[in-house]
Amino acid sequence: MEHRKLGGSALSVAPLCLGGNVFGWTIDEAASFRLLDAALDGGLNFIDTADVYSRWVQGHVGGESETILGKWLKQNGKRDQVVLATKVGMDMGEGRSGLSKARIAQAVEESLSRLQTDVIDLYQAHKDDADTPLEETLSAFGDLVKAGKVRVIGASNYSASRLEAALQVSAAHSLPKYESLQPHYNLVYRQDYESTLEPVCRKHSVGVIPYSSLASGFLSGKYRSQADAAGKARGNGVKAYLNEKGFAVVRALEEVASAHGTRPAVVALAWLIARPSITAPIASATSVEQLKDLVAATTLQLSKEDVQQLDQASAY
């Protein structure tokens, strides 16, 4: 499996990133361990999580995903084979939110402890914090890089203007720059990234690791009606796509998948991987069987005609 550099950093990652939001949420520790073992065996060395996963579940406090991932790393002794990414900035309760220097300093120690590691390969601002000066945030991240606790930094959910501003602050003050961006981007949600964020990322050689790569599972083709989405963990995220345009995209995916003898989800991920600005789309799985689609996407070569067909079906 060909690996890619993350932005301008030395980190070499698989062309697909395994999303860790499901660990401790929709799958338990034992199932998470099986999935992680299979991912590493399949060549997926890039794993993304966040301190807030999965605080939204009743009875959870956040950190559940990191804790499971840390136990797995401790048990298998393969930390050096994994590019480990986590995030800071979402509300963890009791006033613990944002990207102030104090908050970042506290949060990184908590994440390192849960992950049972000495260093985080990619530490990301989970969302922009307009109340904290960019220089303060980037300086705090810089302290962590100097201390050897973080290798490189990234951003998630930043607007194009704020990402550009952050990159300028880094350059002006000799601070670490955001080497990656984690935007919402997939075949049925293209415009925001392509029209504003992509030009900034290409200009500054920022790696891109989009989330919601399968549109909450919609692009797998398993949701055909509101009834299909009802009661599902990701059901609410699918409802916006249950329309004629969304179904046209799924039909195009099914046609391309049929021609390649594979499944729509594999094609949807391969379309992202094929876009020159994309480093590695993030996708999660809840079973080893689902994981096979993620691995298959990393080797599927779409033709120019395949890409054009998918582009036209999903045009905005």
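Counting starts from 1 at the beginning of each chain's written sequence and moves along it residue by residue. Totals for whole chains, interfaces and linings use every residue, but because this is a predicted model, local features are given only for residues with pLDDT of at least 70 and side-chain atom pairs only at 80 or more, for both listing and counting. Hydrogens and water are ignored here; the side-chain numbers use all heavy atoms of the structure.

1. Re the sheet that holds strand β8 (residues 178-182)
Strands were regarded as paired on the criterion that DSSP finds at least two bridges between them. Helix numbering and strand numbering both begin at the N terminus, where a helix is a DSSP run of H or I of at least 4 residues and a strand a DSSP run of E of at least 2. Read across the open sheet, the eight strands follow the order β9-β8-β7-β6-β5-β4-β3-β10; overall the sheet is parallel. Strands with a single pairing partner mark the edges of an open sheet, and in this sheet they are β9 (207-208) and β10 (282-283).

2. Some remarks on unusual backbone geometry
Note the cis peptide between Y53 and S54, where omega equals 0°. Along the chain, the position of S54 falls in the loop between β4 (46-48) and α2 (64-76). Phi angles above zero are rare outside glycine, and S174 is one such case at about 55°. Here the term buried applies to any residue with accessible area under 20% of the maximum for its type, exposed to any over 50%, and partly exposed to those in between, with areas from a 1.4 Å probe on protein chains only. S174 sits in the exposed class, given a relative accessible area of 69%. Although it is not a glycine, S212 adopts a positive phi angle of roughly 55°. Relative to the helices and strands, S212 resides in the loop between β9 and α7 (226-229). Judged by its relative accessible area of 24%, S212 falls in the partly exposed class.

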